[in-house]
Amino acid sequence: MKTEDTPFEGGPMDGRVLPVLLGMTGHPPKTYRIPVPAPDGGEPTVLVYRRVPRGHSRRLGLTQGWKYEYDPEGKRGSGLRWPWSKPDTTPGGKRDDADE
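> Give a detailed account of the nonpolar core, specifying residues and quantitative values.
Nonpolar side chains in soluble globular proteins tend to be buried together. Within the largest apolar cluster, 7 residues are counted, these being Phe8, Met13, Val20, Ile34, Leu47, Tyr49 and Tyr68. For Val20, the residues in contact, after removing those within four places along its chain, are Lys2, Thr3, Glu4, Thr6, Pro28, Pro29, Tyr32 and Tyr68.

> Run through the side chain of Ser57, naming residues and quoting values.
For Ser57, the position within the fold is in the loop between strand 4 (45-53) and strand 5 (66-70). In this view, Ser57 contacts Leu62 and Gln64; residues no more than four positions away in its chain are not counted.

> Break down the sheet that holds strand 4 for me, with residues and values.
Spatial strand order, 2-1-5-4-3: 5 strands in an open sheet with mixed pairing. At either margin of the open sheet sits one strand with a lone partner, and together these are strand 2 (17-21) and strand 3 (31-36). In this sheet, neighbouring strand axes are inclined to one another by 35° on average, regardless of whether the strands run parallel or antiparallel. Inspection of the sheet shows strand 3 paired to strand 4 by 6 bridges, in the antiparallel sense. Note on strand 4: the bridge partner recorded for Val36 is Thr45.

> Summarise the packing of aromatic side chains; cite the residues concerned and give the values.
This model, assessed by the stated rule, comprises 5 aromatic pairs. Each ring, one from Phe8 and one from Tyr32, has its centre 5.4 Å from the other, and the planes form 65°; the classification is edge-to-face. A residue pair is termed long-range when its members are at least 10 positions apart, and Phe8 in strand 1 (residues 3-9) and Tyr32 in strand 3 qualify at 24 residues. Under the relative-accessibility criterion, Phe8 is labelled buried at 1%. Judged by its relative accessible area of 23%, Tyr32 falls in the partly exposed class. Seen in terms of ring centroids, Tyr32 and Tyr68 are 5.5 Å apart; in terms of plane orientation they differ by 45°. Their pairing is tilted. Placement of the pair is Tyr32 in strand 3 and Tyr68 in strand 5, with a sequence separation of 36 residues. Overall, the relative accessible area of 0% leaves Tyr68 in the buried class.

> Would you mind going over the pattern of salt bridges in detail, with residue names and values included?
In the structure shown here, the tally under the stated rule is 2 salt bridges. Notably, a salt bridge pairs Glu9 with Lys67, separated by 3.3 Å at the nearest N-O pair. With Glu9 in strand 1 and Lys67 in strand 5, the pair connects residues that are 58 residues apart, well separated along the chain. For Asp71, the salt bridge goes to Arg50, with nearest N and O atoms at 3.0 Å.

> Hey, could you go over the pairing of strand 5 for me, with residue numbers and the actual values?
As defined by bridge partners, strand 1 adjoins strand 5 across 2 bridges and the pair is classed as parallel. Bridged to Phe8 within strand 5 is Tyr68. Inspection of the sheet shows strand 4 paired to strand 5 by 5 bridges, in the antiparallel sense. Of the residues in strand 5, the one forming a bridge with Val52 is Lys67.

Rules of the game
- Residues numbered from 1 in each chain as written.
- Predicted model: local features only at pLDDT ≥ 70, side-chain atom pairs only at ≥ 80, totals over all residues.
- Heavy atoms only, no water.
- Core = buried A, V, L, I, M, F, W, Y, C linked by side-chain atoms within 4.5 Å.
- Buried < 20%, exposed > 50% of the residue type's maximum accessible area, 1.4 Å probe, protein only.
- Contact = heavy atoms within 4.5 Å.
- Helix = DSSP H or I, 4+ residues; strand = E, 2+ residues; numbered from the N terminus.
- Pairing = 2+ DSSP bridges.
- Axes fitted to C-alpha atoms, helices over the stretch in contact; angles between N-to-C directions.
- Phe/Tyr/Trp six-rings, centres within 6.5 Å; stacked < 30°, edge-to-face > 60°.
- Salt bridge = Lys/Arg side-chain N within 4 Å of Asp/Glu carboxyl O.

Rendered as structure tokens:
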């Protein structure tokens, strides 16, 4: 497996560089979750970092590597986002006539 040294910004991992496994496309994963065990043996805390471009080239605007930024809320992504998908506008996720 191929790895890339990727910097982390913000949160408890600020300033650290870790080797991150690359996917089949040669990019690191979009989110990086780090479980931190609780000192009393309880439920572990999960630190969430999101992948952002490290920089862009001047001429073509291509991405020059990746870095991870701390996401304090740690919300999960909504999964696949298709162009024809519409956000759920019904209150409470209830079905209406338009869903049929």
